[in-house]
Amino acid sequence: MLKPILLVEDDKRDLELTLVALERSQLANEVIVVRDGAQALDYLLREGDFRERDEGNPAVVLLDLKLPKVNGLEVLQKVRGTPALRSIPVVMLTSSQEESDVVRSYELGVNAYVVKPVEFKQFVGAIADLGVFWAVLNEPPPGSLKAMRRYE
């Protein structure tokens, strides 16, 4: 069974571009979309609206840095501090090129830090590459989910 990709993105334009890019990469993995850090944590911890979701962790979390309610760094810190979530690959996918954001992300255990390209073609290529690497080439930690859901 293929594990889903958890996409945590609040910006509508970036969300749509990312979904288009993942679709163009022809990955079979479902993409689960949440719009803020609190929803991301609820999803990962199977709490709140997500307490009934299937067990298992996503193949990868594509995590925006600047999120409402709970920011990406706080989500990352909680993921790395929770034994059942610690092994999930997390990619910070952000427009921030601030050195402090990059340093802090790696200090907290992010697997990769990717700055969103401004130009559409580069953006699509970057997302497609990320999707293929993390969902196909990378051997993910044990656990699985099957159903595709989009939570907005």
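Worth saying up front: this structure is predicted, and the values here are computed from it rather than measured. (Residues numbered from 1 in each chain as written. Predicted model: local features only at pLDDT ≥ 70, side-chain atom pairs only at ≥ 80, totals over all residues. Heavy atoms only, no water.)

Examining the overall build of the protein chain
- From N to C terminus, the protein chain includes five helices and five strands.
- Its helices and strands in sequence order give the protein chain the pattern β-α-β-α-β-α-β-α-β-α, from N to C terminus.
- Counting every position in the protein chain, which comprises 152 residues, the buried fraction comes to 51%.
- Looking at the protein chain alone, contacts between residues at least 24 apart form 71% of all its contacts between residues at least 6 apart.
- For the protein chain, the accessible area works out to roughly 7,800 Å², and carbon and sulfur atoms hold 50% of it. (Helix = DSSP H or I, 4+ residues; strand = E, 2+ residues; numbered from the N terminus. Buried < 20%, exposed > 50% of the residue type's maximum accessible area, 1.4 Å probe, protein only. Contact = heavy atoms within 4.5 Å. Areas by Shrake-Rupley, 256 points an atom, 1.4 Å probe, with all protein chains shown as cover.)

Observations concerning the pairing of strand S3 (residues 60-63)
- The alternating pattern of S3 places Val60 and Leu62 and Val61 and Leu63 on opposite faces, both of which are buried.
- Pairing analysis gives four bridges linking strand S1 (residues 5-8) to S3, with the strands arranged parallel. Of the residues in S3, the one forming a bridge with leucine 6 is valine 61.
- Of the pairings in the sheet, the one linking S3 to strand S4 (residues 90-94) comprises three bridges and is parallel in character. Within S4, the residue paired with valine 61 across the bridge is valine 90.
- Once the chain exits S3 it traverses helix H3 (residues 72-81) before rejoining the sheet at S4, and the crossover so formed is right-handed. (Pairing = 2+ DSSP bridges. Right-handed = clockwise from strand over helix to strand, strands pointing away.)

Describing the sheet that holds strand S5 (residues 112-115)
- A sheet is described by the order of its strands in space; here five strands give the open sequence S2-S1-S3-S4-S5, paired in parallel fashion. Each having just a single partner strand, strand S2 (31-34) and S5 make up the two edges of the open sheet. Direction aside, neighbouring strands of the sheet carry axes that sit 20 degrees apart on average. (Axes fitted to C-alpha atoms, helices over the stretch in contact; angles between N-to-C directions.)

Comments concerning helix H2 (residues 37-45)
- The complete set of buried residues in H2 reads Gly37, Gln39, Ala40, Leu41, Tyr43 and Leu44.
- In this fold, the buried residues of H2 make contact with S1, S2, S3 and H3.
- The backbone nitrogen of alanine 38 has a side-chain oxygen 3.0 Å away, supplied by the residue at the start of H2, namely aspartate 36.
- One or two residues past the end of H2 sits arginine 46, with phi positive at roughly 55 degrees. (Polar contact = N/O pair within 3.5 Å; in protein donor to acceptor, adjacent residues only side chain to side chain.)

Observations concerning the environment of lysine 66
- Of note, lysine 66 is situated in the loop between S3 and H3.
- Given the relative accessible area of 47%, lysine 66 is considered partly exposed.
- With 28 residues separating them in the primary sequence, lysine 66 and threonine 94 have C-alpha atoms 7.6 Å apart.
- Ignoring sequence-local partners within four residues, the contact set of lysine 66 consists of Asp10 and Asp101.
- A distance of 3.4 Å separates the side chain of lysine 66 from the side chain of aspartate 101, its partner in a polar contact.

Any functional reading would require information beyond the geometric quantities listed.
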